[in-house]
Structures are given as C-alpha cells and as structure tokens.
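# Geometric and topological summary
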Amino acid sequence: QLQLVESGGGLVQPGGSLRLSCVVSKSTLDYYAFGWFRQAPGKEREAVSCISHRGGSTDYADSAKGRFSISRDNAKNTVYLQMNSLKPEDTAVYYCAAVWGMCNNRRDFYDYWGQGTQVTVSS
C-alpha cells in the first residue's frame, strides 16, 4: 500500500496561513494525481484541491480558489497545500489522497489516503 503522511496543521487565527505537507512513500510520484480533502465535524468529506501527475494542471473548490495553492515536488515525494487568508469555516481535518490517474473530486476514485491533519481557524 502507498503510504501518505500529512503534517503542518495547527491552530491559526482568521486571516493567517498554513502550509500542509503530504509525504508519500514512493521514490517517484509520476503518474499519480494527488488531492486534498477536508472533513469538518458532522460534514461529509469534501474535495479542496487536486494536482495532476506532473503538476501541470490544478483544480480548486470554489471555497479555496484565490486562497489556497496546491503544488508538488516529485523529487521530494511531497505534495503541498498552501492555505492563506484562512477563515473559521476552513476548520477541518485535512487529508491528502493519491490516485493512479487523473484528478477527480470523488472520494471513491482515490486509492490511498493519509491519516489527516487538524486545521483549526479561531481567534
């Protein structure tokens, strides 16, 4: 199984920034697309962003556009989610996920998931 480990979550004030990282147990990430999802208490897990296998294409949920930026460094086996201008409604557990293929916002298309990292936006 592919292993993904998220980090970088924490408590931040509204308007602040965090950068999440997802380290993957592969020597190469080529041909894997990676998505970031989040799940707030009592809510369904929702797609936040996705990046294609070579990083040439990215997708964002409407709630993330203009504030979040996804990137990847295949040489470092790492995917990032830079989150700026954070809002209380961004509070959730954030998960990275991998799929051999194209980006998709459906959870069932992803084969591998990390354990999640908590992001709390509060004063």
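Details of the structure are given in the entry above.
Residues numbered from 1 in each chain as written. Predicted model: local features only at pLDDT ≥ 70, side-chain atom pairs only at ≥ 80, totals over all residues. Heavy atoms only, no water.

## A few points about the sheet that holds strand 3 (residues 18-24)
Spatially, 1-3-8-7 is the arrangement adopted by the four strands of the open sheet, whose pairing is antiparallel. At either margin of the open sheet sits one strand with a lone partner, and together these are strand 1 (4-7) and strand 7 (68-73). Sheet twist, expressed as the average angle between the axes of neighbouring strands with direction ignored, equals 15°. Both strand 7 and strand 8 (residues 78-83) contribute to a ladder of six bridges, which runs antiparallel. Opposite Asp 73, over in strand 8, you have Thr 78 as the bridge partner. (Pairing = 2+ DSSP bridges. Helix = DSSP H or I, 4+ residues; strand = E, 2+ residues; numbered from the N terminus. Axes fitted to C-alpha atoms, helices over the stretch in contact; angles between N-to-C directions.)

## Digging into the pattern of salt bridges
For the structure on display, the rule yields five salt bridges. Asp 62 is the partner of Lys 65 in a salt bridge, and the nearest nitrogen-oxygen pair spans 3.3 Å. Exposure class is identical for Lys 65 and Asp 62. Each is exposed. Between Arg 67 and Asp 90 there is a salt bridge, and its shortest N-O distance comes to 2.7 Å. Here Arg 67 is found in the loop between strand 6 (58-60) and strand 7, whereas its partner Asp 90 is found in the loop between strand 8 and strand 9 (92-100), with 23 residues between them in sequence. According to the relative accessible area criterion, Arg 67 is buried, its value standing at 11%. The class for Asp 90 is buried, based on a relative accessible area of 0%. When salt bridges that share partners are traced, they join Arg 38, Glu 46, Arg 67 and Asp 90 into one network. (Salt bridge = Lys/Arg side-chain N within 4 Å of Asp/Glu carboxyl O. Buried < 20%, exposed > 50% of the residue type's maximum accessible area, 1.4 Å probe, protein only.)

## Things to note about the side chain of Arg 72
Within the secondary structure, Arg 72 sits in strand 7. Reaching out from Arg 72, the side chain makes a polar contact with the backbone oxygen of Tyr 32 at a distance of 2.7 Å. Of note is the side chain of Arg 72, whose polar atom sits 2.4 Å from the backbone oxygen of Ser 52. Beyond its immediate stretch of four places on either side in the chain, Arg 72 contacts Leu 29, Tyr 32, Ala 33, Phe 34, Ile 51, Ser 52, His 53, Arg 54, Gly 55, Thr 78 and Val 79. (Polar contact = N/O pair within 3.5 Å; in protein donor to acceptor, adjacent residues only side chain to side chain. Contact = heavy atoms within 4.5 Å.)

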